[in-house]
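Observations on the three-dimensional arrangement
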Amino acid sequence: MTQINLNELTHLQAINKKLVAGYHICEQDNLMWQELDQNIDAYSALFSALGNELKHDSRGFYYFSSDESTPNMGKISRAIALTIYILIEHYANTGKDPMRALFDEVNDLELMQTLVQINKHLFDQLEIFSGSDLRKDVYLRMVRLGLAREVEAGFMLQAPIHRYIDALMEVNEETYLTEDEE
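Quick caveat, the model's predicted, so the values are computed rather than measured.

What counts and how
Residues numbered from 1 in each chain as written. Predicted model: local features only at pLDDT ≥ 70, side-chain atom pairs only at ≥ 80, totals over all residues. Heavy atoms only, no water. Pairing = 2+ DSSP bridges. Helix = DSSP H or I, 4+ residues; strand = E, 2+ residues; numbered from the N terminus. Contact = heavy atoms within 4.5 Å. Axes fitted to C-alpha atoms, helices over the stretch in contact; angles between N-to-C directions. pLDDT = per-residue confidence, 0-100. Buried < 20%, exposed > 50% of the residue type's maximum accessible area, 1.4 Å probe, protein only. Lys, Arg positive; Asp, Glu negative; His and termini not counted. Salt bridge = Lys/Arg side-chain N within 4 Å of Asp/Glu carboxyl O. Polar contact = N/O pair within 3.5 Å; in protein donor to acceptor, adjacent residues only side chain to side chain. Parallel < 35°, antiparallel > 145°, perpendicular 65-115°, else oblique. Left-handed = near helix turned anticlockwise from the far one by under 90°. Nonpolar A, V, L, I, M, F, W, Y, C, P; charged D, E, K, R; others polar. Core = buried A, V, L, I, M, F, W, Y, C linked by side-chain atoms within 4.5 Å. Arc of directions from axis to C-beta.

Here's the deal with the sheet that holds strand β2 (residues 54-57)
Strand order across the open sheet formed by three strands is β1-β3-β2, with antiparallel pairing between neighbours. Two strands bound the open sheet, and with one partner strand each, they are β1 (25-26) and β2. Across the sheet, helix α1 (residues 12-20) is in contact with β1, β2 and β3 (61-64); its angle to β3 comes to roughly 65 degrees.

And the structure:
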């Protein structure tokens, strides 16, 4: 059993508050990320005793495992997944390396408006009708979940977005396998 010295976990309250709220702590969250990284065994044991499973993704972020069973979270997750999928498609269609652009490009209001206009039929289903709606309903939620950070000109996606990319790849793979079986 891991011995936990709570005095060494100086950011425990802040880390717990963020993770419980669904936030992904990544390298840009300097102090919290460093403390988690340096005390991973203690934090894992403590959170496990409290009924939470701390996950560490090798791409540089921590989060609590969840079943995402609430209807509201499902809607938020669908909106984020759709946005990521459309961003990847948009960058590919403009001749950019989608994975590089996803993390290097600033997502400004003009880009958001373009994405909504081009994919109106998809965003209408999520009740997102403008770039402003996309900013408010998706990007600001991504910030609250640690998936993006707000910068002067818009938003930059962060490493935890890989969870959505992984899920999209899994769905794509399942669809591909199903089509091959038919």
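Read on, since the account is not over.
Here's the deal with the confidence of the model for the protein
Averaged over every residue, the pLDDT of the protein is 90; residues scoring 70 or more account for 89%. When mean pLDDT is taken per element in the protein, strand β5 (residues 154-157) scores highest with 98 and helix α9 (residues 162-181) scores lowest with 74.

Overview of the side chain of E35
Within the element layout of this structure, E35 appears in helix α2 (residues 30-38). Notably, E35 is buried but unbridged: the nearest opposite-charge side chain belongs to K18, and the N-O separation is 15 Å. A polar contact of 2.3 Å, which involves the side chain of E35, links it to the side chain of Y43. In this view, E35 contacts E8, L9, T10, H11, L12, I15 and Y43; residues no more than four positions away in its chain are not counted.

Thoughts on the packing of α1 against helix α3 (residues 40-49)
Packing of α1 against α3 leaves a shortest axis separation of 13 Å and a crossing angle of 55 degrees. With respect to their mutual orientation, α1 and α3 come out oblique. The handedness of the crossing between α1 and α3 is right-handed. On α3, the residues that touch L12, I15, N16 and L19 of α1 are Y43, L46 and F47. Of the residues assigned to the contact of α1 with α3, the class counts are six nonpolar, one polar and no charged.

Here we look at the nonpolar core
Core analysis: the biggest nonpolar cluster contains 30 residues, and I80, I84, M142 and L157 have the highest contact counts within it. Those elements that provide at least two residues to this core are α4 (71-93), α5 (98-104), α6 (109-118), α8 (131-144), β5 and α9. When residues in this core are grouped by element, the largest group, nine residues, is from α4. Once you skip the residues sitting within four places of it in the chain, I80 turns out to touch V138, M142, L145, L147 and Y164. Listed in part, the 15 residues of the second largest apolar core include L9, I15, Y23 and I25.

Focus: α6
Burial in α6 covers these residues: L111, M112, L115 and V116. Around the axis of α6, the buried residues are gathered within 135 degrees of arc, so they sit on the same side. Residues of α6 that are exposed and point more than 90 degrees away from the buried face comprise E110, Q117 and I118.

Some points on the pairing of β2
Inspection of the sheet shows β2 paired to β3 by four bridges, in the antiparallel sense. Opposite D57, over in β3, you have F61 as the bridge partner. Here β2 folds back onto β3, and the loop between the two strands holds three residues, one of which, G60, carries a positive phi near 105 degrees.

What to know about the packing of α1 against α2
Where α1 contacts α2, the axes come no closer than 10 Å and their chain directions differ by 100 degrees. Comparing the axis directions of α1 and α2 gives the class roughly perpendicular. Note on element contacts: α2 touches α1 through M32, E35 and L36, opposite L12, A14, I15 and K18. For the contact of α1 with α2, the class distribution of residues is five nonpolar, no polar and two charged.

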